[in-house]
Amino acid sequence: GENVEQHPSTLSVQEGDSAVIKCTYSDSASNYFPWYKQELGKRPQLIIDIRSNVGEKKDQRIAVTLNKTAKHFSLHITETQPEDSAVYFCAASTTGGFKTIFGAGTRLFVKA
Amino acid sequence: GAGVSQSPSNKVTEKGKDVELRCDPISGHTALYWYRQSLGQGLEFLIYFQGNSAPDKSGLPSDRFSAERTGGSVSTLTIQRTQQEDSAVYLCASSSVAGGQGLGSFFGPGTRLTVL
């Protein structure tokens, strides 16, 4: 079945630096790739997404890139701030059944 | 409705008792998911409902767990004969489909289950 691998599991950066989280997926039919942020004690929330017909998407300090050939996609956070500290989950949605598969999550620490 | 709602927000039960957790998805969302999240861990997929299709139960950890979705809307997750290892936050999420593609999921606030 579909599998999504996410790396790293933990990432620590200095405030102002960039953070990159990478994911790979197994089902070449996947066509929708959302990213979620989960702050401590709260529910996951969708922060950005990308579709398979697009290679890159930006929203202020966050951007996602997609490489369909290599079946991997990445989240880039620039000028990190302490409030970016959270767990980030990538996900992939297949065309068959539209089921969303989540990665294991990346715990991001931004040190002030 | 504003978003996905879940009840109860907290549930404390004794080992061996049955519990029912409820999820009200966003109106019109065809997809509904149940996940389990232990402290500091990721999202453990439990079950997936999509429209009128047979649910994907591949994530249910044992036959003590079951879920149903009535009328394509409200869902109930039932855990029978609860065990201490069932203690976790149970999250529900719903999403829609458009243009032949799935859309992002909206999560409920979760039910924190504690089995004593």
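Details of the structure are given in the entry above.
Definitions and cut-offs
- Residues numbered from 1 in each chain as written.
- Chains lettered and ligands numbered in written order.
- Predicted model: local features only at pLDDT ≥ 70, side-chain atom pairs only at ≥ 80, totals over all residues.
- Heavy atoms only, no water.
- Pairing = 2+ DSSP bridges.
- Helix = DSSP H or I, 4+ residues; strand = E, 2+ residues; numbered from the N terminus.
- Axes fitted to C-alpha atoms, helices over the stretch in contact; angles between N-to-C directions.
- Salt bridge = Lys/Arg side-chain N within 4 Å of Asp/Glu carboxyl O.
- Buried < 20%, exposed > 50% of the residue type's maximum accessible area, 1.4 Å probe, protein only.
- Disulfide = S-S within 2.5 Å.
- Core = buried A, V, L, I, M, F, W, Y, C linked by side-chain atoms within 4.5 Å.
- Phe/Tyr/Trp six-rings, centres within 6.5 Å; stacked < 30°, edge-to-face > 60°.

**Q** Quick one: what's the story with the sheet that holds strand S7 (residues 62-67) of chain A, residue by residue and with numbers?
**A** Residues and elements named next belong to chain A. On the basis of which strands lie adjacent, the open sheet formed by 5 strands has the order S1-S3-S8-S7-S6 and antiparallel pairing. Bordering the open sheet on either side are strand S1 (4-7) and strand S6 (56-59), each of which pairs with just one other strand. Across this sheet, the average inter-strand angle for adjacent strands is 15 degrees, counted without regard to direction. Taken together, the 4 bridges between S1 and strand S3 (residues 19-25) define a ladder with antiparallel strand orientation.

**Q** I'd like to hear about the pattern of salt bridges, residue by residue, with values.
**A** Residue and element names in this part refer to chain B. In the structure shown here, the tally under the stated rule is 8 salt bridges over all chains. In this structure, Arg-36 and Glu-44 form a salt bridge, with 2.9 Å as the shortest nitrogen-oxygen distance. Given the relative accessible area of 11%, Arg-36 is considered buried. In the salt-bridge network here, residues are joined through shared partners; they are Arg-36, Glu-44, Arg-64 and Asp-86.

**Q** Describe the state of the cysteines, naming the residues involved and giving the relevant values.
**A** Residue and element names in this part refer to chain A. Enumeration over the complete set of coordinates arrives at 2 disulfides over all chains. Here Cys-23 connects covalently by a disulfide to Cys-90, the sulfurs 2.0 Å from one another. Between Cys-23 and Cys-90 the sulfur-sulfur dihedral comes to about -100 degrees; the bridge is accordingly left-handed. Here the residue Cys-23 occupies a position in strand S3, and Cys-90 occupies one in strand S9 (residues 86-93), the gap between them amounting to 67 residues.

**Q** Which residues make up the nonpolar core, and what values do they have?
**A** Trp35(A), Phe73(A), Leu75(A) and Leu108(A) are the most contacted members of the largest nonpolar core, which has 24 residues in total. If you look at the next biggest cluster of nonpolar residues, it comprises 20 residues, including Val19(B), Phe49(B), Ala88(B) and Leu113(B).

**Q** Lay out the pairing of strand S8 (residues 72-77) of chain A with the relevant residues and their values.
**A** Residue and element names in this part refer to chain A. Across 6 bridges, the pairing between S3 and S8 is antiparallel. Looking at S8, one finds that Ile-21 is bridged to Leu-75. Pairing of S7 with S8, which is carried by 6 bridges, proceeds in the antiparallel orientation. Across the sheet, residue Asn-67 finds its bridge partner in S8, namely His-72. Hairpin connection between S7 and S8: a loop of 4 residues separates the two successive antiparallel strands, and Lys-71 in this loop has a positive phi of roughly 55 degrees.

**Q** So what's going on with the sheet that holds strand S6 (residues 65-69) of chain B? Residues and values would help.
**A** All names here are of chain B. Ordered in space as S1-S3-S7-S6, the 4 strands form an open sheet in which the pairing is antiparallel. Here the strands that pair on one side only, and so sit at the sheet edges, are strand S1 (5-7) and S6. With strand direction ignored, the average angle separating the axes of adjacent strands in the sheet is 15 degrees. For S6 and strand S7 (residues 75-79), the ladder comprises 5 bridges, and the chain directions are antiparallel.

**Q** I'd like a description of the packing of aromatic side chains, backed by residues and values.
**A** Counting across every chain of the model gives 13 aromatic pairs over all chains. Judged by centre distance (5.6 Å) and plane angle (70 degrees), the rings of Trp35(A) and Phe73(A) are edge-to-face. One end of the pair, Trp35(A), is in strand S4 (residues 32-38); the other, Phe73(A), is in strand S8, with 38 residues separating them in the sequence. Residue class for Trp35(A) comes out buried when judged on its relative accessible area of 0%. On the basis of an interplanar angle of 85 degrees and a centroid distance of 6.3 Å, the ring pair of Phe89(A) and Phe102(A) is categorised as edge-to-face. Residue Phe89(A) is located in strand S9, and its partner Phe102(A) is located in strand S10 (residues 100-102); the two are separated by 13 residues in the primary sequence. Three or more aromatic residues joined by ring pairs form one cluster here, namely Tyr36(A), Phe89(A), Phe102(A), Tyr33(B), Tyr35(B), Phe45(B), Tyr48(B) and Phe107(B).

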